[in-house]
Amino acid sequence: METKFYDLNDLVRTDCHDCHGCSACCCGMGDSILLDPYDAYQFQINGKPLPALLENGMAALTVWEGMILPHLQMNKETGACSFLSSDRRCSIHDHRPGMCRLFPLGRNFSDGKMNYFLLEDACENKSRSKIKVSKWLRIEPAEKYHQFVLEWHDFRHEMVKILSEGEEEQAKQLNLYLLRTFFLTPYDRNDDFYMQFEHRCSHIRAAFE
């Protein structure tokens, strides 16, 4: 069956009505819940800065195509997300990462654009209702967040190319610099996140001109 793609204003059958206590998608995810700079910003304003999460084991680092990125850590005993409460609810729901907000949607990147597709059998709830993609993500303004995700995707691929072309020690130092720049250095809560992100990208790109 041909994959159907959706834009922000399209209706898609993802609304599981607050999950009704189901937490299946919060378990057994391994290191797949990668975090982006906006996620790091959200953790920071929620009083859970990423350096502290890395230190206490609620987040960890993984290598994605040669680039070091943080991800949510599953509880080693239960296999569930470390932020899942004892009553099987997300304890950071208002500030949850973009990957969590997205589920059961996936992102498709093509020709410099991004749209979404439904992972048909990923969610165990089969009585989902239709909802606008933008409303499902619950990040305002949706268009700015959408553009950020696209830009971060393109920037990562730029960096992966540079990392692959450098010597091992150079790649290691660049990886640590990228990690500090986007995830470990605090963002100014009184300034626009997207402007800060653009500034950090521009600063790094300028170093390779």
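Residues numbered from 1 in each chain as written. Predicted model: local features only at pLDDT ≥ 70, side-chain atom pairs only at ≥ 80, totals over all residues. Heavy atoms only, no water.

A. Inspection of the sheet that holds strand β5 (residues 105-110) at higher detail. If you walk across this open sheet you meet the three strands as β1-β6-β5, and the pairing is antiparallel. Looking along the sheet, the strands with just one partner apiece sit at the ends: β1 (5-6) and β5. With two bridges joining them, β1 and strand β6 (residues 113-118) adopt antiparallel strand pairing. Within β6, the residue paired with Phe-5 across the bridge is Phe-117. (Pairing = 2+ DSSP bridges. Helix = DSSP H or I, 4+ residues; strand = E, 2+ residues; numbered from the N terminus.)

B. Here's a closer look at the pairing of β6. In this structure, β5 lies alongside β6, joined through six bridges in antiparallel fashion. Bridge pairing in β6 links Phe-109 to Met-114. What sits between the antiparallel neighbours β5 and β6 is a turn of two residues, in which Asp-111 has the positive phi angle 55°.

C. Local environment of the packing of helix α1 (residues 37-45) against helix α7 (residues 193-207). Closest axis-to-axis distance for the α1/α7 pair is 11 Å, and the angle between their directions is 130°. When the axis of α1 is compared with that of α7, the two are oblique. Considering only the axes of α1 and α7, their crossing is right-handed. Residues Pro-37, Tyr-38 and Tyr-41 of α1 pack against Phe-193, Tyr-194 and Phe-197 of α7. In the contact of α1 with α7, the residues fall into six nonpolar, no polar and no charged. (Axes fitted to C-alpha atoms, helices over the stretch in contact; angles between N-to-C directions. Parallel < 35°, antiparallel > 145°, perpendicular 65-115°, else oblique. Left-handed = near helix turned anticlockwise from the far one by under 90°. Contact = heavy atoms within 4.5 Å. Nonpolar A, V, L, I, M, F, W, Y, C, P; charged D, E, K, R; others polar.)

D. Geometry of the state of the cysteines. All chains considered together, the criterion is met by zero disulfides. For Cys-81, which is in no disulfide, the shortest distance to another cysteine sulfur is to Cys-100 and amounts to 6.4 Å. (Disulfide = S-S within 2.5 Å.)

Honestly, it's all geometry; don't read function into it.
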